[in-house]
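Chain by chain, the residues:
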Amino acid sequence: MTVTHSGPNGTAPPNSSGIKVIIVGLGLAGLTAAIECYRKGHSVIGLEKTPKPTHLGDIFSISSNGAIVIQKWDGGSVSTYLDSVRCDVDKITVWDEAANVKLRKDMNGYREGEGLVLNRSTTVCTLYEYGKSLGIDLRFGVSVSSYWEDDHQAGVIADGERLSADCVIASDGIHSKARPIITRDTRPLTKSGAATYRAGYPAEVLNDHPDAQWILEGTEKADQLNHFIGKDIAVIMGTGRHGKDVYWGCLHRSSDGVSKSWLQPSDVTKALALIENWPARDKVAAVIKNTPNMTCYDHLVMAVDPLSGWVSEKGRMMVIGDAAHAFIPTSGQGASQSIEDGAVVAICLELAGKDRIPLALSVMEKLRYQRISFIGEGSAKMLESLHGANWDAKQQDKLPTLIARAMWIFDHDCQTSTYEEFNKAADAVATNSTYVPANIPSDGRYGIVEEEGKSTVKVPPVTRGPLPVQ
Ligand SMILES: Cc1cc2nc3c(=O)[nH]c(=O)nc-3n(C[C@H](O)[C@H](O)[C@H](O)COP(=O)(O)OP(=O)(O)OC[C@H]3O[C@@H](n4cnc5c(N)ncnc54)[C@H](O)[C@@H]3O)c2cc1C
């Protein structure tokens, strides 16, 4: 069947597809899905439980594979704005625990016009403002409590109101309530064995602290990004907006005693205690100890074990983003893969059309499942490698894994690829046969570390049966 479509760079007239979509959770995945569904002619209701876009969270990265989606919005103006507030990092410096520089590396893939290292809340608020300017129905302060579907419709109960649509996309984050309902997978989240302290504060806090001024050096030209790696502890610290903001995070081995949520305020003395035996402690501690009260958080690093599928029984509901595949943050791909999810599901709905919604959602899963699985496994291996960091190791593969920047991830254009691959994946769904995705490397090197850095972490291919025919 030939379908006319808007193409990777194009948009369809508003509401032209006749498809109505309910999106639950307006973080990065949900807002991208809302904007991209609107751009592909679907009508959207977005529901978010927080009363307004949150001003919580510190830094995350959107690599070129995610940024390419945002660059198409409003003739590039959304992207231009985000570029103006990003951490303008030129190089990442990797140190050992004695403050010896082990590597200084160009930030390819994160330069202006490529990718973005950004404050999370700024990003979410920017996407929300753009979505609102398009006239998308984005409702805040509305909590979804249950989900339903039949052969013709799907919907939710939100604050007691029953809403219906052609499909429901649940992007309600790592602690998703939708996941067990939609996927029938009731397993709890996996503790990774790590926890992280995180903080961000205005750089002026450091005005009277000469020992911390090193973090602001040179930031009029380019922001700083430093990664200190020691056994069981890795500290990342840097600046944003040319030295106006300072942030740091401390990933450490732990599985108990801290909150699962992003929002558990913590005391920096606990983070300082972790590095007290580091020869580099004075340098690192100078930035940590000045963190203003109540702006340091800690939480367990959790992950969603690979689910057997993301789509509901009748094929009209699916989970995306962290709800479907929360990664350990070592790959830096959580945000970018959420953006890819949102963009791909909108195109699948466009190409399948209103009469084939279950096909659309199953094709979305077929297209993305293996890519996501490889990135997830690579992230876990990177965490292992960081925890076991031994800078004195004689064998190359025992040294810590440094930079997650694999070109097979960064160079992917998920929108062009979806238009190219949709029919092949749809055939595989219809015939219950194997689909070989085009968004993973064909040479078996499913690593997430760039080739010229330390050897690529090889991840064994995921073996998974074909999806049931819808
Ligand atoms: C408060 C917060 C702070 C974060 N800070 C960072 C950070 O500093 N660095 C980083 O790398 N990552 C951070 N993350 C995670 C990061 O945003 C995600 O890994 C990534 O962007 C994928 O986004 P997502 O949209 O899938 O999930 P999320 O960003 O988690 O968004 C899920 C959304 O769903 C909403 N929701 C949940 N349940 C319901 C419900 N029943 N009804 C309606 N809405 C619901 C939540 O309020 C949330 O807005 C943070 C997440 C949150 C929620």
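Each remark here, short or long, concerns the structure printed above.
Counting of residues starts from 1 at the beginning of each chain's written sequence and follows it residue by residue. Two thresholds apply to this predicted model, a pLDDT of at least 70 for residue-level local features and 80 or more for giving and counting side-chain atom pairs, whereas whole-chain, interface and lining totals are computed over all residues. To obtain the side-chain values, all non-hydrogen atoms of the structure were included, while hydrogens and water were left out.

> Where do I start with the pattern of salt bridges in this structure?
If the charged atoms of two oppositely charged side chains come close together, the side chains can form a pair. For this document, the term salt bridge refers to a Lys or Arg side-chain nitrogen within 4 Å of an Asp or Glu carboxyl oxygen. The full count for this structure, using the stated rule, is 20 salt bridges. The salt bridge involving Asp151 is made with Lys314; its shortest N-O contact spans 3.2 Å. Remark: Lys314 occurs in the loop between β16 (296–303) and β17 (317–319) and Asp151 occurs in the loop between β8 (144–149) and β9 (154–158); sequence separation between them is 163 residues. For Asp151, a relative accessible area of 52% translates into the label exposed. Accessible area is worked out with a 1.4 Å probe on protein chains only. A residue is then buried under 20% of its type maximum, exposed over 50%, and partly exposed in between. Using a relative accessible area of 39% as the deciding quantity, one classes Lys314 as partly exposed. Two residues, Asp245 and Arg241, come together in a salt bridge whose shortest N-O distance is 2.8 Å. The exposure class assigned to Asp245 is partly exposed, which follows from its relative accessible area of 24%. Linked by salt bridges that have partners in common, Asp90, Lys91, Asp106 and Arg111 make up one network. Going along the chain from the N terminus, every DSSP run of H or I of four or more residues is numbered as a helix, and every run of E of two or more is numbered as a strand.

> Help me understand the pairing of strand β4 (residues 91–96), please; the structure alone is not making it clear to me.
Looking down a regular strand, the side chains alternate between one sheet face and the other. Of all 6 residues in β4, 5 are buried; the element is thus mostly enclosed. Counted along the chain from β4 to the antiparallel partner strand β5 (residues 101–106), the turn is 4 residues long, and its residue Ala99 has a positive phi close to 65 degrees. One bridge is not enough; two strands pair if DSSP finds at least two bridges between them. Pairing analysis gives 4 bridges linking β4 to strand β13 (residues 225–230), with the strands arranged parallel. Looking at the pairing, Asp96 lines up with Ile229 of β13.

> Before we go on, may I ask you to explain the site of the ligand in this structure?
Put simply, a residue is near a molecule or strand once any heavy atom of it comes within 4 Å of that molecule or strand. In the vicinity of the ligand, 27 residues are found, and the nearest of them are Glu48, Asp58, Arg120, Arg198 and Asp322. Nitrogen and oxygen atoms within 3.5 Å of one another constitute a polar contact, given that in protein one can donate a hydrogen and the other can accept it, and given that sequence-neighbouring residues count only through two side-chain atoms. The contact in question runs from an oxygen atom of the ligand to an N or O atom on the side chain of Glu48, over 2.6 Å. In the model, an oxygen atom of the ligand is placed 2.7 Å from a nitrogen or oxygen of the Arg120 side chain. Taken by itself the ligand offers 930 Å² of open surface, and the protein chains cover 88% of this. Taken together, the elements giving at least two residues each to the shell around the ligand come down to α1 (28–39), β2 (43–48) and β3 (59–62). Under the convention adopted here, Pro, Cys and the residues Ala, Val, Leu, Ile, Met, Phe, Trp and Tyr are nonpolar, Asp, Glu, Lys and Arg are charged, and Gly plus all remaining residues are polar. Of the residues that constitute the shell around the ligand, the class distribution is 11 nonpolar, 9 polar and 7 charged. A domain-level breakdown of the shell around the ligand finds at least three residues from each of domain 1 (20–90 + 108–189 + 304–431) and domain 2 (190–303). Working definition of accessibility: Shrake-Rupley area with a 1.4 Å probe, residue cover restricted to the visible protein chains. An automatic or database domain assignment supplies the start and end points of every domain.

> Quick question: what am I supposed to make of helix α9 (residues 334–352) here?
Because each turn of an α-helix spans 3.6 residues, side chains separated by three or four positions in sequence point in the same direction. In this model α9 runs 27 Å from its N-terminal to its C-terminal C-alpha over 19 residues, within 8% of the 27 Å that 1.5 Å per residue would give. Buried residues dominate α9, accounting for 18 of its 19 residues. Positive backbone phi, at 85 degrees, marks Gly353, one or two positions downstream of α9. Expected span of a helix: the number of residues minus one, times 1.5 Å.

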